[in-house]
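Observations on chain architecture
In case you want the letters, here they are:
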Amino acid sequence: MPGTNLLIKNMVCNRCVLAVEKILLSEAIPFQAVMLGQVILSRALTEDQKSRLVTRCRAIGFELIDSRTTTLVESIKL
């Protein structure tokens with residue numbers, strides 16, 4: 001089963017990767033991999049999980065990317 005791909009804005013270094021991994025683990029969100037600007041989840045998020053993830057990521061300066069245009073811009077940057 002392929003994982004759900006999630007794009008995160010403002011991840012620039014390995015510490016960012018570790019910070020996002022820590023959030024995912026503390027929220028009990030199963031994931032396959034965390035890379036700069038991208039998380040591959042084991043399964044789709046529930047609305048509650050997504051809401052908590054957005055809040056926790058914003059608190060440390062990251063932003064989940066939902067729009068197609070922003071996704072394209074971040075892909076080009078990476």
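The structure displayed is predicted, hence computed values, not measured ones.

1. As for the side chain of Q49
Tracing the sequence through the fold places Q49 in helix α2 (residues 47-59). A distance of 3.0 Å separates a polar atom in the side chain of Q49 from the backbone nitrogen of T46. Setting aside anything within four residues of it in sequence, one finds Q49 in contact with A28, I29, R43 and A44.

2. Regarding helix α1 (residues 14-26)
For α1, spanning 13 residues, the distance from its first C-alpha to its last is 18 Å, which sits close to the expected 18 Å at 1.5 Å a residue. Restricting attention to buried positions, one finds in α1 the residues C16, V17, V20, I23 and L24. All buried residues of α1 lie within an arc of 125 degrees about the axis, which places them on one face of the element. Of the exposed residues in α1, those oriented more than 90 degrees away from the buried face are N14, R15, L18, K22 and L25. Looking at the buried side of α1, the elements it contacts are β1 (4-9), β2 (31-35), β3 (38-41) and α2.

3. A look at the nonpolar core
Of all hydrophobic cores here, the largest spans 17 residues; its most connected members are M11, V20, L24, V39 and L53. When contributions to this core are tallied by element, the ones reaching two or more residues are β1, α1, β3 and α2. Of the residues forming this core, the biggest block, 5 residues, is contributed by α1. Here V20 is in contact with I8, M11, V34, V39 and F62, once residues within four sequence places are set aside.

4. Some points on the packing of α1 against α2
Running from amino to carboxyl end, α1 crosses α2 at an angle of 145 degrees, the nearest separation of the two axes being 11 Å. Of the two possible hands of crossing, α1 and α2 adopt the one that is right-handed. Facing I23, L24 and S26 of α1, the residues of α2 in contact are L53, R56 and C57.

The rules behind the values
In every chain, residue numbers begin from 1 and rise along the written sequence. Since the coordinates come from a predicted model, pLDDT governs what is reported: local features require at least 70, and pairs of side-chain atoms require 80 or more to be given and counted, while whole-chain, interface and lining totals use all residues. Excluded from the side-chain calculation are hydrogens and water; included are all heavy atoms of the structure. Only DSSP runs of H or I reaching four residues or more are called helices, and only runs of E reaching two or more are called strands; each is numbered from the N terminus. In protein, a polar contact means a hydrogen-donor-capable atom and an acceptor-capable atom, both N or O and within 3.5 Å, with residues adjacent in sequence counting only if both atoms are side-chain atoms; elsewhere, any N or O pair within 3.5 Å suffices. Here, residues are in contact when the closest pair of their heavy atoms is within 4.5 Å. In this analysis, the expected span of each helix is defined as 1.5 Å times one less than the number of residues it contains. For each residue, the accessible area found with a 1.4 Å probe, counting protein chains only, is set against the maximum for its type, and the residue is called buried under 20%, exposed over 50%, and partly exposed in between. An arc is given here, and it is the one of the directions from the helix axis to the C-beta atoms. Here, nonpolar core means buried Ala, Val, Leu, Ile, Met, Phe, Trp, Tyr and Cys residues that are tied together by side-chain atoms lying within 4.5 Å of each other. Under this scheme, a helix contributes an axis fitted over its contacting stretch, all axes are lines through C-alpha atoms, and angles between N-to-C directions fall in the 0 to 180 degree range. Helix crossings are classified by the rotation of the near helix relative to the far one: an anticlockwise turn of less than a right angle makes the crossing left-handed, while a clockwise turn makes it right-handed.

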